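Understanding the architecture of this molecule
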Amino acid sequence: MYKGINYKLVVKIIGSLIILESVFLLSTCIVSLIYDEEDWIYFFGTALSAATLGSFLLLTGKNADKNMGKREGAIIVSFTWIIFSFIGLMPFWLSNSIPSFTDAFFETISGFTTTGASILNNIEDLSYSMLFWRSLTHWIGGMGIIVISLALLPMFSYSNMNLFGQETTGPTKDKLHAKVSDTARRLWLIYISLTIAEILLLRLGNMAWFDAICNSFGTIATGGFSTKQASIAYWPSPYIQYIVILFMILSGVNFSLYYFAIKRKFEKIIHNDELKWFLITVFGMSIIVMLTLINWEVVNSFYTFEKAFRDALFQVSSCMTTTGFVTADYMLWKPVTWVIIIMVMLVGSSAGSTCGAIKMVRIVIVFKYMYAEFKRLIHPNAIIPITYSKEIIKNDVVNRVIAFVLLYLFIVVFGFVVLSISGMGFLESIGAMVTCQGGVGPGLGMVGPAFSFSEIPTFSKWFLSFIMLVGRLELYTILLLFTPVFWKK
């Protein structure tokens, strides 16, 4: 009989994950040595400290009972992201690359949650190793700390379903294998394959190896940290920008569909409603934005049309997949485009991808539910099922989806009020809430693509750091920790 929270097991697993982070920190030392930098000492010292702490926690949880429920899963996932961020900020802070502790934490949790909101105004001034670690936090957080761990550490096999369920996104969890650890391993291999493919293609476009690696980490993780202050706009090459667009869209697709493609289960891809509406929305909104960018009063060349289409497609894809890369400052565009940008930031792309926001599957289900309600008004006695990908959706799933969407929007409004009270402007408050909760990156106004979050109040930075975590873990995982019933036996 389950009597209470198994704290010993929680401590043991968190200790193991901290040791895993120390390995990633050590890998950054190699980059520092390659470029003959002295920053390796900060990564080595942090890695050593993390390994010591992790070992202590692992020993503390030795011989822990393997009994694990959803509450342990929520605690492990939530606190792992927080602890990873506190440890991960140390190289930035100790090296004085980011002198403020608050700013270092904001930048690090923005990396691990793949938000991409930055306080930096001098990205190129960072050393290679700091830039690499900044991008690596994206890549680690993109697939998910727990999912990577499930793929690598078989010791979690007895408890992995609760961990997997707390971190993966969407109203349903696609299992590619009977064992969740094998599912995580398959997702991890797809993730690595997409990363390598983009690195090679960007290198073919004459992007330097280092930049290609770091920007690929940011793309596949849908994070948005770049090695340049101007983001992808630094490379005006249409080839490079289209490659980034392609992989942003590919990263916005449910990763289970890639596995189905490998297994030649093409009917699952063809009949997937979420994929269909995701692509329709991306290209449809891009065309609308493109039309607002073209000056119809003058004769336009093909280049003008192509550039407008590329800028529109890039920004819509970037915001909808919650990547956050930029090739243009959309705050200089017509205000109607800001509305579209906010809309796609809220919607997001596919569940089961590395993206944030509400997710297209939930939006599709909500619209189908509303359409069904209209039909019921006309035919009150008719039984009108709600279908998704040719399968009937149960009422409890529909109710959970509607509750999630309402809660998501409520938190956006609540956060907007909090940020406004803290001293942020109207545009900045709404933009910061939508972008940080959705894990996008740039917002509106003075936190838009041409600026950073460096000048917002200190309170707002800590509040938005919390919001990033809430959004990355799909609201409930974090918010449950604040309910008294969660901690009762």
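To keep things clear, this report deals only with the structure shown in the data block. (Residues numbered from 1 in each chain as written. Predicted model: local features only at pLDDT ≥ 70, side-chain atom pairs only at ≥ 80, totals over all residues. Heavy atoms only, no water.)

A tally of regular secondary structure across the chain gives 22 helices and two strands. For the chain, the proportion of contacts with a sequence separation of at least 24, taken over those separated by at least 6, is 71%. Total accessible area on the chain stands at roughly 20,800 Å², and carbon and sulfur atoms take up 69% of it. (Helix = DSSP H or I, 4+ residues; strand = E, 2+ residues; numbered from the N terminus. Contact = heavy atoms within 4.5 Å. Areas by Shrake-Rupley, 256 points an atom, 1.4 Å probe, with all protein chains shown as cover.)

Next up on the list: a nonpolar patch on the surface. Taken together, the side chains of Leu26, Leu33, Trp40, Ile41, Phe44 and Leu48 present a nonpolar region at the surface, about 560 Å² in accessible area. Of all the secondary structure elements, the ones that give two or more residues to the nonpolar patch are α1 (7–34) and α2 (40–60). Looking at the nonpolar patch, the element that brings in the most residues is α2, giving four residues. Looking at where Leu26 falls in the secondary structure, it is placed in helix α1. (Patch = residues over 30% accessible without salt bridge, like charges linked within 9 Å, V, L, I, M, F, W, Y side chains within 5 Å. Salt bridge = Lys/Arg side-chain N within 4 Å of Asp/Glu carboxyl O.)

Positionally, Ser129 belongs in helix α6 (residues 128–143). Classification of Ser129 by relative accessible area gives buried; the value is 0%. Once residues within four sequence positions are removed from consideration, Ser129 is found in contact with Thr28, Val31, Ser32, Glu37, Asp39 and Phe43. (Buried < 20%, exposed > 50% of the residue type's maximum accessible area, 1.4 Å probe, protein only.)

With that out of the way, let us pick up α1. Over its 28 residues, α1 extends 42 Å from the first C-alpha to the last, a length consistent with the 40 Å expected when each residue adds 1.5 Å. Looking one or two places after α1, you find Asp36, whose phi comes out positive at around 55°. (Expected span 1.5 Å × (residues − 1).)

Let's shift gears to helix α11 (residues 238–251). Counted at 1.5 Å a residue, the expected span for α11 with its 14 residues is 20 Å, and the 20 Å between its end C-alpha atoms agrees. Listed in full, the buried residues belonging to α11 are Ile240, Gln241, Ile243, Val244, Ile245, Phe247, Met248, Ile249 and Ser251.

Counting through the fold element by element, Thr292 comes out in helix α14 (residues 273–293). On the basis of relative accessibility, which here comes to 17%, the residue Thr292 falls in the buried class. Here the side chain of Thr292 touches Val289 through a polar contact of 2.6 Å, landing on its backbone oxygen. Discounting chain neighbours no more than four positions away, the residues touching Thr292 are Lys334, Val336 and Thr337. (Polar contact = N/O pair within 3.5 Å; in protein donor to acceptor, adjacent residues only side chain to side chain.)

Evaluation of the coordinates by the stated rule reveals two cavities of 30 Å³ or more. Roughly 50 Å³ of internal volume is contained in the second largest cavity. Taken together, Thr113, Thr114, Thr354, Cys355, Gly356, Ala357, Gln437, Gly438, Gly439, Met468, Gly471 and Arg472 make up the full set of residues lining the second largest cavity. Where the lining of the second largest cavity is concerned, the elements lending two or more residues are α19 (426–438) and α20 (458–472). (1 Å grid on protein atoms, 1.4 Å probe; cavity = no way out; pocket = protein on both sides within 12 Å on 5 of 7 lines; lining within 4 Å. Points joined across faces, edges and corners; volume = space filled by probe spheres on them.)

Before going further, it helps to spend a moment on the pattern of salt bridges. Under the defined criterion, the tally for this structure stands at nine salt bridges. Between Lys359 and Glu474 there is a salt bridge whose closest N-O contact spans 3.2 Å. Of this pair, Lys359 sits in the loop between α16 (335–347) and α17 (360–378) while Glu474 sits in the loop between α20 and α21 (476–479), placing them 115 residues apart in sequence. A relative accessible area of 7% places Glu474 in the buried class.

This part is about the packing of α14 against α16. Running from amino to carboxyl end, α14 crosses α16 at an angle of 160°, the nearest separation of the two axes being 10 Å. As summarised for this structure, α14 and α16 are arranged roughly antiparallel, according to the angle between their axes. Pair α14 / α16 crosses with left-handed handedness. Here α14 contributes Met285, Ile288, Val289 and Thr292 to the contact with α16, which in turn contributes Val336, Thr337, Ile340, Met343 and Val344. Among the residues forming the contact of α14 with α16, the class breakdown is seven nonpolar, two polar and no charged. (Axes fitted to C-alpha atoms, helices over the stretch in contact; angles between N-to-C directions. Parallel < 35°, antiparallel > 145°, perpendicular 65-115°, else oblique. Left-handed = near helix turned anticlockwise from the far one by under 90°. Nonpolar A, V, L, I, M, F, W, Y, C, P; charged D, E, K, R; others polar.)

Another point: the packing of helix α3 (residues 70–88) against helix α5 (residues 101–112). The N-to-C vectors of α3 and α5 enclose an angle of 130°; their axes lie 8 Å apart at closest approach. With respect to their mutual orientation, α3 and α5 come out oblique. Where α3 crosses over α5, the handedness of that crossing is right-handed. Residue-level inspection shows Trp81, Ile82, Phe84, Ser85, Phe86 and Gly88 of α3 in contact with α5, the latter providing Phe101, Phe105, Thr108, Ile109 and Phe112. Looking at the contact of α3 with α5 residue by residue, the classes come out as eight nonpolar, three polar and no charged.

Another aspect to go through is the environment of Asp36. As for its position among the elements, Asp36 is in the loop between α1 and α2. As for Asp36 and Tyr128, which are separated by 92 residues in sequence, their C-alpha atoms are 9.7 Å apart.

The geometry of an aromatic ring pair comes down to the distance between the two centres and the angle between the two planes. Taken as a whole, this structure holds 25 aromatic pairs when the rule is applied. Ring geometry for Tyr234 and Trp235: centres 5.0 Å apart, planes at 75°, overall edge-to-face. Looking at Tyr234, the relative accessible area reads 43%, which means it is partly exposed. Among the aromatic residues, those joined into a cluster by ring pairs are Phe132, Trp139, Tyr191, Phe217, Phe255 and Tyr258. Over the aromatic face of Phe225 sits the side chain of Arg134, whose NZ or CZ is 3.9 Å from the ring centroid. (Phe/Tyr/Trp six-rings, centres within 6.5 Å; stacked < 30°, edge-to-face > 60°. Lys NZ or Arg CZ within 6 Å of the ring centre and 35° of its normal.)

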